Amino acid sequence: MGASACHGFVLHRHDYRDTSLLVELFCVGRGRLPAVARGARRARAGGRAALLQPFQPLWLELGGRGEVRTLTRVEAVGRPYALAGRALLCGFYVNELLLRLLGREDPHDALLDDYQVALAALAAGGDLEPVLRRFELRLLDALGYGLALAVETATGRPVRATADYVFEPEQGLRAATATDDPRACCRGVTLLALAADAKPVDAEQRREARVLLRAMLAPHLGDRPLRTRALFQQWYGRRG
C-alpha cells in the first residue's frame with residue numbers, strides 16, 4: 001500500500017524496541033490511529049523524535065498495512081502550542097479523553113478543529129475550566145452522546161434558570177426532586193450558560209458544570225480512572 005499524507009497531532013507516544021517510537025495520532029480524514037516511527041530515536045534520525053511530541057501540528061506520511069501503520073515522513077506545521085503548568089495538564093487531559101473515547105480510524109475532522117481551538121485557548125492562558133467544558137461538550141456531540149441542555153430530555157420542557165436539574169445516564173436531564181443529592185444537581189442557569197456556549201460566571205456554576213460533564217462522560221469512559229484526573233487531585237487538590 002502506498003503512503004498517504006495527512007495533517008495531525010500526536011496524542012501519546014512511548015518507546016518501542018531499541019530505537020523506535022509507537023505513537024497514537026489524531027489526523028484529518030483518518031481519526032485516531034497508531035503508527036510506528038522506526039528508528040526515530042537514533043541520533044541520525046533528523047530530529048523526528050523531537051517533532052513527534054503532543055501539541056505540535058504535523059504533516060505526516062503513513063505507509064504499510066494492518067492496524068499499525070508505518071510513519072515514513074514527518075514535518076512540523078508551524079510552532080507547537082506552548083502549554084505549561086496547569087494548562088499543560090489540561091492538554092494531557094484532553095488528549096486522554098480522545099485516546100479513551102475515539103474509535104480507531106473513525107474520522108472526526110470537525111472535532112479535530114475543536115481540538116486545535118482548545119489547544120490555542122489553553123496556550124493563551126486565562127480561564128482554563130471553560131475551555132475544558134466546551135471541549136467535553138463538543139466531544140460528546142461528535143460521538144453522538146450529546147444532550148440538548150436547554151430542555152428536559154424526556155418532556156421537552158424548557159429548562160428554567162431558577163430550577164434545579166439532575167443528569168441520569170439512562171434518562172438524560174430531568175427536574176430534581178427532594179430526594180436527589182444536592183451535590184449532583186445543576187441549576188438551570190448553569191445549563192443555559194453551557195447551552196449558549198457561555199462560560200459559567202461564579203464558583204458554584206463552575207462546580208456544577210464540572211460535576212455535570214463528569215457524569216455525562218462517565219458511562220463512556222468505564223470504570224478505569226483517568227490518569228490526568230488523578231494528577232489534578234494530587235497537584236491541585238481536586239479532580240479536573
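The chain goes by DNA repair protein RecO in an unreviewed UniProt entry, where it is assigned to Marichromatium bheemlicum. What the UniProt record of the chain gives under Function (unreviewed entry) is the line "Involved in DNA repair and RecF pathway recombination." Recorded under Sequence similarities (unreviewed entry), the UniProt text for the chain is reproduced unchanged: "Belongs to the RecO family."

(A) Seen up close, the pairing of strand 3 (residues 31-37). Counting buried positions over the 7 residues of strand 3 gives 7, a clear majority of the element. Looking at chain direction, strand 2 (residues 20-27) and strand 3 are connected through 7 bridges and run antiparallel. The partner of Glu-24 across the bridge, within strand 3, is Pro-34. Across 2 bridges, the pairing between strand 3 and strand 5 (residues 69-76) is parallel. Counted as the bridge partner of Val-36 is Thr-70 from strand 5.

(B) Representation of unusual backbone geometry within the structure. Even without being a glycine, Arg-17 presents a positive backbone phi close to 55 degrees. Take Arg-17: it is sitting in the loop between strand 1 (4-16) and strand 2.

(C) The nonpolar core, seen in detail. Ranked by size, the top nonpolar core spans 45 residues in total, and within it Leu-98, Tyr-115, Leu-139 and Leu-212 carry the most contacts. The leading source of residues in this core is helix 2 (residues 85-101), at 8 residues. Counting residues domain by domain, this core receives three or more from each of domain 1 (4-76) and domain 2 (86-237). Residues within four places of Tyr-115 in sequence aside, it is in contact with Phe-9, Leu-11, Phe-26, Phe-55, Val-94, Asn-95, Leu-98 and Phe-135. Of all hydrophobic cores here, the second largest spans 17 residues; its members include Leu-21, Leu-25, Leu-52 and Leu-60.

(D) Inspection of the environment of Leu-52 at higher detail. The residue Leu-52 is located in the loop between helix 1 (48-51) and strand 4 (58-63) in this model. Residue class for Leu-52 comes out buried when judged on its relative accessible area of 0%. Spatially, the C-alpha atom of Leu-52 lies 15 Å from that of Arg-32, the residues being 20 residues apart in sequence. Among residues more than four places away in sequence, those in contact with Leu-52 are Val-10, Arg-13, Leu-21, Ala-37, Leu-58, Leu-60, Leu-71 and Val-74.

(E) Representation of the domain arrangement of the chain in the model. If you check the domain split of the chain, you get domain 1 (4-76) and domain 2 (86-237). One C-alpha centre belongs to domain 1, the other to domain 2, and the line joining them spans 30 Å. With 19 residues of domain 1 in contact, the opposing surface of domain 2 contributes 19 residues. Summing both sides of the interface, domain 1 and domain 2 together bury roughly 1700 Å²; the carbon and sulfur share of this comes to 63%. Of all residues in domain 1, the largest losses of buried area upon contact with domain 2 belong to Phe-26, Arg-32 and Phe-55, amounting jointly to 44% of the total for that side. Where domain 1 packs against domain 2, one counts 4 salt bridges. Glu-105 serves as the salt-bridge partner of Arg-69, at 3.5 Å between the closest nitrogen and oxygen. At the surface where domain 1 touches domain 2, the tally comes to 7 residue pairs in polar contact (both at pLDDT 80 or more). Contributions of two or more residues to the side of domain 1 that touches domain 2 are made by strand 1, strand 2 and strand 3.

(F) Structural context of the sheet that holds strand 5. Spatial ordering of the closed barrel is given by 1-2-3-5-4, a layout of 5 strands whose pairing is mixed. Sheet twist, expressed as the mean angle between neighbouring strand axes with direction ignored, is 50 degrees. The sheet strands contacting helix 3 (residues 109-123) are strand 1 and strand 2, and the helix crosses strand 1 at an angle near 65 degrees.

(G) Representation of the environment of Arg-160 in the model. Secondary-structure assignment places Arg-160 in the loop between helix 4 (129-142) and strand 6 (164-168). C-alpha separation for the pair Arg-160 and Leu-102, spaced 58 residues apart in sequence, amounts to 34 Å. With residues up to four places along the chain from it excluded, the contact list for Arg-160 reads Tyr-165 and Gly-188.

(H) How the structure looks around the sheet that holds strand 8 (residues 186-187). In spatial order, the strands read 7-6-8; together these 3 strands make up an open sheet with antiparallel pairing. Of all strands in the sheet, those with a lone pairing partner are strand 7 (172-175) and strand 8, marking the two edges. Of the strand pairs in this sheet, strand 6 and strand 8 are connected by 2 bridges, and their pairing is antiparallel. Following the sheet pairing, Tyr-165 is matched in strand 8 by Cys-186.

What counts as what
- Residues numbered from 1 in each chain as written.
- Predicted model: local features only at pLDDT ≥ 70, side-chain atom pairs only at ≥ 80, totals over all residues.
- Heavy atoms only, no water.
- UniProt positions renumbered as here; feature names shortened; annotations may be inferred.
- Buried < 20%, exposed > 50% of the residue type's maximum accessible area, 1.4 Å probe, protein only.
- Helix = DSSP H or I, 4+ residues; strand = E, 2+ residues; numbered from the N terminus.
- Pairing = 2+ DSSP bridges.
- Core = buried A, V, L, I, M, F, W, Y, C linked by side-chain atoms within 4.5 Å.
- Domains from an automatic or database assignment.
- Contact = heavy atoms within 4.5 Å.
- Buried area = accessible area lost by both parts, 1.4 Å probe.
- Salt bridge = Lys/Arg side-chain N within 4 Å of Asp/Glu carboxyl O.
- Polar contact = N/O pair within 3.5 Å; in protein donor to acceptor, adjacent residues only side chain to side chain.
- Axes fitted to C-alpha atoms, helices over the stretch in contact; angles between N-to-C directions.

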